[in-house]
Amino acid sequence: MTQKYRKILVTSALPYANGSIHIGHLVEYIQTDIWVRFQRLCGHSVTYICGDDAHGTPIMLRARKEGLEPDRFISRMNQEHQQSFARFGISFDQYYSTHSPENRELCELLYSRLSAAGCIEQREVEQFFDPVENIFLPDRFIRGTCPNCKSPEQYGDSCEICGKTYDPTDLINPKSAVSGATPERRKSPHFFLQLEKFRNALQSLIGSGFTDETVARKLAEWFGDRLKDWDISRDAPFFGFEIPGHPGKYFYNWLDAPIGYLAGLAKFLHGNAADALEFWQDPDVEIYHFIGKDIVYFHALFWPAILIASGLHPPRRLFVHGHLTVNGEKMSKSRGTFINADQYARFLDPQWLRYYLATRLTATPADLDLSFDDFTARVNSELVGKLANLISRCAPMLSRNLDGKTGIPLADALPLIKEIREAQATVTQLYEERNYAGVTRLICQLADKANKYVEDQAPWTLIKKDTEAARGVLTAALECGRILTLYLKPILPTYAEKVEACLRLEPMKWSDAVNSMPSQTINPFEHLITRIDERRIQAMLQDNSDAALPPTGAPSTDPAAAGTAAAPVHAAATAAIEEPLAPTCTIDQFAAVDLRVARVLEASAVTESDKLMRLVLDAGPLGKRNILAGIKKAYTAEELTGRLVIFCANLAPRKMKFGVSEGMILASGPGGAEVFLLAVDSKASPGQRVH
RNA sequence: CCGAGGGUAGCUCAGCGGUUAGAGCAGGGGACUCAUAAUCUCCGGGUCGUGGGUUCAAAUCCCACCCCUCGGACCA
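Residues numbered from 1 in each chain as written. Chains lettered and ligands numbered in written order. Predicted model: local features only at pLDDT ≥ 70, side-chain atom pairs only at ≥ 80, totals over all residues. Heavy atoms only, no water.

### Comments concerning the packing of helix α14 (residues 414–432) against helix α15 (residues 436–457)
Orientation of α14 relative to α15, taken along the N-to-C sense of each, is 170 degrees, at an axis distance of 9 Å. Compared by their axis directions, α14 and α15 come out roughly antiparallel. Taking contact as the criterion, the partners of L416, E419, I420, A423, T426, V427, L430 and Y431 in α14 are, on α15, Y436, G438, V439, L442, L446, K449, A450 and Y453. Looking at the contact of α14 with α15 residue by residue, the classes come out as twelve nonpolar, two polar and two charged. (Axes fitted to C-alpha atoms, helices over the stretch in contact; angles between N-to-C directions. Helix = DSSP H or I, 4+ residues; strand = E, 2+ residues; numbered from the N terminus. Parallel < 35°, antiparallel > 145°, perpendicular 65-115°, else oblique. Contact = heavy atoms within 4.5 Å. Nonpolar A, V, L, I, M, F, W, Y, C, P; charged D, E, K, R; others polar.)

### A short note on the protein's contact with RNA strand B
Lining the immediate surroundings of RNA strand B are 41 residues, of which R217, W230, K293, R360 and R531 lie closest. Side-chain polar atom of K293 to a sugar or linking oxygen of RNA strand B: 2.5 Å apart, as the coordinates give it. In the model, a base nitrogen of RNA strand B is placed 2.7 Å from a nitrogen or oxygen of the R393 side chain. The set of elements that each furnish at least two residues to the surface near RNA strand B consists of α6 (213–220), α9 (296–309), α12 (372–392), α13 (395–401) and α15. For the surface near RNA strand B, the leading source of residues is α12, giving eleven residues. (Near = heavy atom within 4 Å. Polar contact = N/O pair within 3.5 Å; in protein donor to acceptor, adjacent residues only side chain to side chain.)

### Section: the packing of aromatic side chains
In the structure shown here, the tally under the stated rule is 31 aromatic pairs. Taking the centre distance of 6.3 Å and the plane angle of 75 degrees together, the rings of Y29 and F92 count as edge-to-face. With Y29 in helix α1 (residues 23–41) and F92 in the loop between α3 (70–87) and β3 (94–97), the pair connects residues that are 63 residues apart, well separated along the chain. Summarising the aromatic geometry, the rings of W254 and F298 are spaced 3.7 Å apart at their centres and angled 10 degrees between planes, so their arrangement reads as stacked. (Phe/Tyr/Trp six-rings, centres within 6.5 Å; stacked < 30°, edge-to-face > 60°.)

### A closer look at the confidence of the model for chain A
Summary statistics for chain A give a mean pLDDT of 84 and a share of 85% for residues scoring 70 or more. Counted against residues more than four places away or in other chains, residues 546–581, with its pLDDT under 50, gives 53 contacts. Interface confidence for the predicted complex, expressed as ipTM, amounts to 0.91; the pTM equals 0.79. (pLDDT = per-residue confidence, 0-100.)

### A few points about α3
If you check α3, its first and last C-alpha atoms are 26 Å apart, about what 18 residues at 1.5 Å a residue would give, namely 26 Å. For α3, every residue scored as buried is listed here: P70, F73, I74, M77, N78, H81, Q82, S84, F85, A86 and R87. G89, located one to two residues past α3, shows a positive phi value of around 70 degrees. (Expected span 1.5 Å × (residues − 1). Buried < 20%, exposed > 50% of the residue type's maximum accessible area, 1.4 Å probe, protein only.)

Listed below in structure tokens is the structure:
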């Protein structure tokens, strides 16, 4: 288990400060965070840097629309982003911004090195210019008629109708999407990075495991032709950094964005450009960028070229992930599957998403699907049913009957415990390779075995004959649960904390897998994690409000706080959940349900159950009916006896643990103590049908 | 049009040259009652996209075709 101490620098891509964080973004941050937490748990030094990509025309325009100065706008957005990330437990060491003095210094420094290296070329470019707004227009801000199929209102780069691509200057009757004015053509000098000069360096970089093979194959396509020069400048007015010595010229934000990784590092080091570069150049530091497959081009070509030209080394590896789809399709606002991070957190536990995404994440850049049915099934059956259940079935038994004292695992459990411990090598490798799907699969298999062990030993029976043997079984089971929780800790830090609290453990480290749990008195058991109620998902999907979240603590750049700041904001939403309207039914379908009035003749609580009441109903001509109803927490036997109720009389009888139930009483409410029986006016008589 | 990835049980996927193709979930039967109705057990369920080929042996390798996803082809 002795492994070399590693120094690792990790980044996630900088989200654009133009909008909120959505669950598509979260794939990357959760993927990165799991890896980062895993490495930290192993005792390695990890620096996790991120921040907002805060420059560019879209941001300038968006700020203008909101009547704010760009600085104000992006600082507000930065706060919002940090809060969203904190809710999902993303443990950045530094969350910063490309609009920062450190980044300006670094951009100017690297640009001067690029210039000195002779790989910047200046030449004239003709572009559309909006004479009303006084800005040069990016292609996507120009609309016009397609020169090919004549469809109106097409973007400046390609036609959505016929698929033809063209230059914005080819558009018939072009208009500015910003002001509606007819744009003029204007020429202005631009600066280009001559990428072709780095062909050999880039090819050898990519040929040496910079990305995984599928990405490398894709990249190989780019080398087929001459690598095109990259326009790194933009004309004023532009929200960004002015290029020194060239008034009215700004760095394109895709130049300063990756440099923003270095700026975040500088900020983290409480230093300047030189400190960041020194850290970056430390040959012992492993540098990894987690990115989406959409920005491979920038990170595999431009960014390494910038670094190499500046006399810096490229990062060690790029970890590329796919995009998120929801229920098999691209996220879409019209389909209601475009889900913001805060919207999710208002209704659902962030841990569920962390777990579910983990079960679907591998090292490949394949897209992954969030299917809500699968999401519910896996969280409920795996996370709650297997993993949490292993502890929740043992800890309370130990507390109730054996003074909560753990002992020594029973000898027959040792092979199982050994097997779980030995799995750590595989778990480690799977995490390292970012195969979290493999991690969760393996953990579930082990949890199955541990549950089977408990089942086979039946400590609830054993405890009557041999308390110490029962203690040994429960200790063994808890030990299994404890190690499995450790294995899950990078994915579920909050859950792991709860287990640690329950078992009275110090925060576990990766090396604690092999150390036995101390013999001691555990704390009273507390609920570890809630199962998913599908109604919450429905409620979330129907929530279109952009309502602000109640404050859950100040956004924090303190990594220790980041993990705990994710308060369970969804809890308050429970009471307000609305059930979605069921699909329209026909009159015949409605008539198929035979509802009858009945009088409760007898009522008695089922002692072995915490929910069920046994009722005998007088349904008039239909005779007596035995019904088991889940209303024990809401009504007493006395309240029920003699009252009239409505029940479904033609429901198929259902065999339940405590007998057959011959119908269902009608009531409203979410359940538990909040069940409200339908009342009937007193003149109604048992057996009457409800129409 | 080019490229990449995928098509294996109802669903999500593992297996990627070698015993009768697996898991979880869902469905059905049984057991148990410690647990957040959870757990354990048994059962049903697959011409491994289609057609060829290589091989003693193919879900696994090769070729062709079909279908899905993503990317590129213009800008970056």
